[in-house]
Each structure stands twice: as structure tokens, then as C-alpha cells.
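Listed here are the chains, written in short residue letters.
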Amino acid sequence: MIVKKMKQLIKYAIELDIDYLETFLGYEGDNVLKITTRNKETLEAMEEFLKNIDLKYKTDFDISAGTSGGHVIYIGVEDPSLFKLKKD
């Protein structure tokens, strides 16, 4: 179900004014989707979409993305098929 929601977001984001899209494994094996845009309206549209499909996310503003900076949105999804790193 969660993977289906992430696929919906990717399909939606590709149609928007995005600069960069990346997926990777996080520190504890979580699947992370990172989307970067310089357009504030695009960020707001993605935030609204994420609220509608009930996915948790975090936003950040990255000044290293050129002179105007870029908005970054992170979506992390736990993948139970991967083992977790042992926490002390």
C-alpha cells in the first residue's frame, strides 16, 4: 500500500516543475524519496497531494541549489523486508 502511494506521488511530481527526483535507502533501511524544486507553488501542490494520500513528509530549503536555492521534500517509508540496524 505504501509503495503504491509513493508511485502515485512520483507520477504526480513528474508532471510538475521539479528539478530533481531521487530514491535511496535511509540509515535504517527505510526507502526515502527526495524531490527538489525551485518553485514554491510546486512544493505547495506536492504538500497538498501528500496530505490527501496520507504520507508523512519533511521539507527543507537548500541554499546549495544555486543562487535562488531550492525546496526539498523528503518522504521516508519503512520497508519491513529489509533488516534494521541494531540500535544501542
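Here, every reference points to the structure presented above.
Here the structure is a predicted model, which means the values were calculated and not measured. The residue numbers shown here count from 1 along each chain, following its written sequence. For a predicted model such as this one, the threshold for reporting local features is a pLDDT of at least 70, and the threshold for listing and counting side-chain atom pairs is 80 or more; totals across whole chains, interfaces and linings nevertheless cover every residue. In computing side-chain values, all of the structure's heavy atoms are included and hydrogens and water are not.

### Description of the pattern of salt bridges
Then, number 1: Any Lys or Arg side-chain nitrogen found within 4 Å of a carboxyl oxygen on Asp or Glu counts as a salt bridge. Within the structure shown, the criterion is met by one salt bridge.
Then, number 2: Across the pair Asp-19 and Arg-38 runs a salt bridge whose closest N-O atoms are separated by 3.3 Å. Of the two residues, Asp-19 is situated in the loop between α1 (2-14) and β1 (20-25) and Arg-38 in the loop between β2 (31-37) and α2 (40-53); the sequence distance between them amounts to 19 residues.
Then, number 3: For Asp-19, a relative accessible area of 38% translates into the label partly exposed.
Then, number 4: Overall, the relative accessible area of 53% leaves Arg-38 in the exposed class. Secondary structure elements follow DSSP: runs of H or I of four or more residues count as helices, runs of E of two or more count as strands, with numbering from the N terminus. Exposed residues in this analysis have more than 50% of their type's maximum accessible area, buried residues have under 20%, and partly exposed residues fall in between, with area computed by a 1.4 Å probe over protein chains only.

### A look at the sheet that holds β1
Then, number 1: Read from one edge to the other, the open sheet built from four strands follows the order β1-β2-β4-β3, with strand pairing classed as antiparallel. Two strands in the sheet have a free side with no partner beyond their single neighbour: β1 and β3 (58-62). Each adjacent strand pair in this sheet contributes to an overall mean axis angle of 20 degrees, direction not counted.
Then, number 2: Only heavy atoms matter for contacts: two residues are in contact if any of them lie within 4.5 Å across the pair. Axis definition: a line fitted to C-alpha atoms, limited for helices to the stretch in contact. Angles are taken between N-to-C directions and run from 0 to 180 degrees. Strand contacts of α2: β2, β3 and β4 (70-77), with the helix running at about 20 degrees to β4, the strand carrying the most contacts. Here, a strand pair is defined by DSSP locating no fewer than two bridges between the strands.

### Quick look at the packing of aromatic side chains
Then, number 1: Any two rings among Phe, Tyr and Trp, with Trp reduced to its six-membered ring, count as a pair given centres within 6.5 Å; such a pair is stacked if its planes are under 30 degrees apart, edge-to-face if over 60, and tilted if neither. Applying the stated criterion across every chain yields a total of one aromatic pair.
Then, number 2: Centroid distance Tyr-12 to Phe-49: 4.3 Å. Interplanar angle 5 degrees. Geometry classified as stacked. Note that Tyr-12 is positioned in helix α1 and Phe-49 in helix α2, a separation of 37 residues in sequence.

### Comments concerning the side chain of Thr-42
Then, number 1: In this structure, Thr-42 sits in helix α2.
Then, number 2: Ignoring any residue separated from it by four or fewer positions in sequence, one finds Thr-42 in contact with Leu-16, Asp-17, Ile-18 and Thr-37.

### Thoughts on the nonpolar core
Nonpolar side chains tend to gather and get buried jointly when the protein is soluble and globular.
Then, number 1: In plain words, nonpolar cores are sets of buried Ala, Val, Leu, Ile, Met, Phe, Trp, Tyr and Cys residues tied together by side-chain atoms within 4.5 Å. Of all hydrophobic cores here, the largest spans 14 residues; its most connected members are Leu-9, Leu-33, Ile-35, Leu-50, Leu-55, Ile-73 and Ile-75.
Then, number 2: Counting residues per element, the ones that place at least two in this core are α1, β2, α2 and β4.
Then, number 3: At five residues, α2 tops the list of elements feeding residues into this core.
Then, number 4: Setting aside anything within four residues of it in sequence, one finds Ile-73 in contact with Leu-33, Lys-34, Ile-35, Leu-43, Met-46, Glu-47, Leu-50, Tyr-57, Lys-58 and Thr-59.

Just distances and angles here, no functional claims.
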